[in-house]
Amino acid sequence: MKIAYIDPVGKEHALESLLDGVKSYARKSTVIDYLTLDSGAVTLENEEDELKAIEGMDRLIDSTDYDAYIIGCFYDPGLKEMREKHSVIMTGPFEATSHIGFMLDDQATIIAGNEDHTRRISIQTFDSVFESSKFKTKSLGMSVEDMLMDPDKTEGKMIHTCKDAGRIIIPGCTIESGRFENMQKLINKKIIDPIVASVKYVEFLYELKMTCKW
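First, a word on scope: everything that follows refers to the structure included in this document.

Focus on the packing of aromatic side chains
With the rule as written, the count across this model stands at four aromatic pairs. Centroid distance Y5 to Y34: 6.2 Å. Interplanar angle 20°. Geometry classified as stacked. Of this pair, Y5 sits in strand β1 (residues 2–10) while Y34 sits in strand β2 (residues 31–37), and the two are 29 residues apart along the sequence. A single burial state applies to Y5 and to Y34, both of which are buried. Seen in terms of ring centroids, Y25 and F180 are 5.4 Å apart; in terms of plane orientation they differ by 50°. Their pairing is tilted. Of this pair, Y25 sits in the loop between β1 and β2 while F180 is found in helix α7 (residues 180–187), placing the two residues 155 residues apart along the sequence. F180 sits in the buried class, given a relative accessible area of 14%.

Below, the structure written as C-alpha cells:
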C-alpha cells in the first residue's frame, strides 16, 4: 500500500520531520511518502490560506497516483470536496482521531493550540457524525509558530492541560504529533496521535477495499 501524506504548506515551510517515527507504526508493506505544495503559507490560520491549500492539494492529487491520501492538517481542509472528486481513499487527522477516539471511549478531549483553534474545532464538530456535546476542547494558549519553536514547552503544556481532561486525549494540531507514547506513560491516559491515527485509519479503509470491495 502506498500512502501520500500531504502537508498543505509551501515547500519552504515543509516539515518532513512530522513523519519521524510514524512509519514504525505502519504495516511493513505500507509505504508513506511526504508531499507538500509548490508554494503556500506557514500554517492554515485563515480562510484565504486554506482555500489556496485546497487548490494546491487538488492539483497534487490529480498529478500523482497513490492508494490513499492523508490531508496533513487537523481541520481536514477540503476533505469532503476532494473525496467527492477523486475516487481514492482519503482522510484527515480530525476524521481519523475522532473515529478511533470514540470507538475507545464515548468522551474525548481535543487539546487545541489556542482559543481561535478551539472555535474552529467546535464548528467542525457540527459537520461531523458525532454529537458535538461529546467533544470537549481545551486550549494550550499557543500559536502554531509557538509550538514549532519550542516543542518541549508544548509537551509540558500538553501534559499539564491533559491532567484534568477526559480519558481520551486528541492533540488538535499535527505539530503536537510524535510524543504520544511518552505522554501516555506520564499521565496514564490514551493519547490519539493525529498522524499515526490517520495512517492506521487509511490502512483499515484500504483493507476493507481490498477484501470486501467497499
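Some points on the environment of S177
Residue position: S177 is located in the loop between β7 (168–171) and α7. Taking the C-alpha atoms as reference points, S177 and D20, separated by 157 residues in sequence, lie 9.8 Å from one another. With near-sequence residues (within four places) excluded, S177 lies in contact with D193, P194 and I195. A polar contact is formed between the side chain of S177 and the side chain of D193, at a distance of 2.6 Å.

Looking at the sheet that holds β2
Strands in a sheet are paired, the pairing made by backbone hydrogen bonds, and the direction either parallel or antiparallel. Taken in spatial order, the four strands line up as β2-β1-β3-β4 in an open sheet, and their pairing is parallel. At either end of the open sheet lies a strand with only one pairing partner, and these are β2 and β4 (89–91). Averaged over all neighbouring strand pairs, the angle between strand axes comes to 20°, with direction disregarded. Set on the sheet, helix α1 (residues 47–62) makes contact with β1, β2, β3 (68–71) and β4; between it and β2 the angle comes to about 130°.

Here is what the cut-offs are and how they apply
Residues numbered from 1 in each chain as written. Predicted model: local features only at pLDDT ≥ 70, side-chain atom pairs only at ≥ 80, totals over all residues. Heavy atoms only, no water. Phe/Tyr/Trp six-rings, centres within 6.5 Å; stacked < 30°, edge-to-face > 60°. Helix = DSSP H or I, 4+ residues; strand = E, 2+ residues; numbered from the N terminus. Buried < 20%, exposed > 50% of the residue type's maximum accessible area, 1.4 Å probe, protein only. Contact = heavy atoms within 4.5 Å. Polar contact = N/O pair within 3.5 Å; in protein donor to acceptor, adjacent residues only side chain to side chain. Pairing = 2+ DSSP bridges. Axes fitted to C-alpha atoms, helices over the stretch in contact; angles between N-to-C directions.

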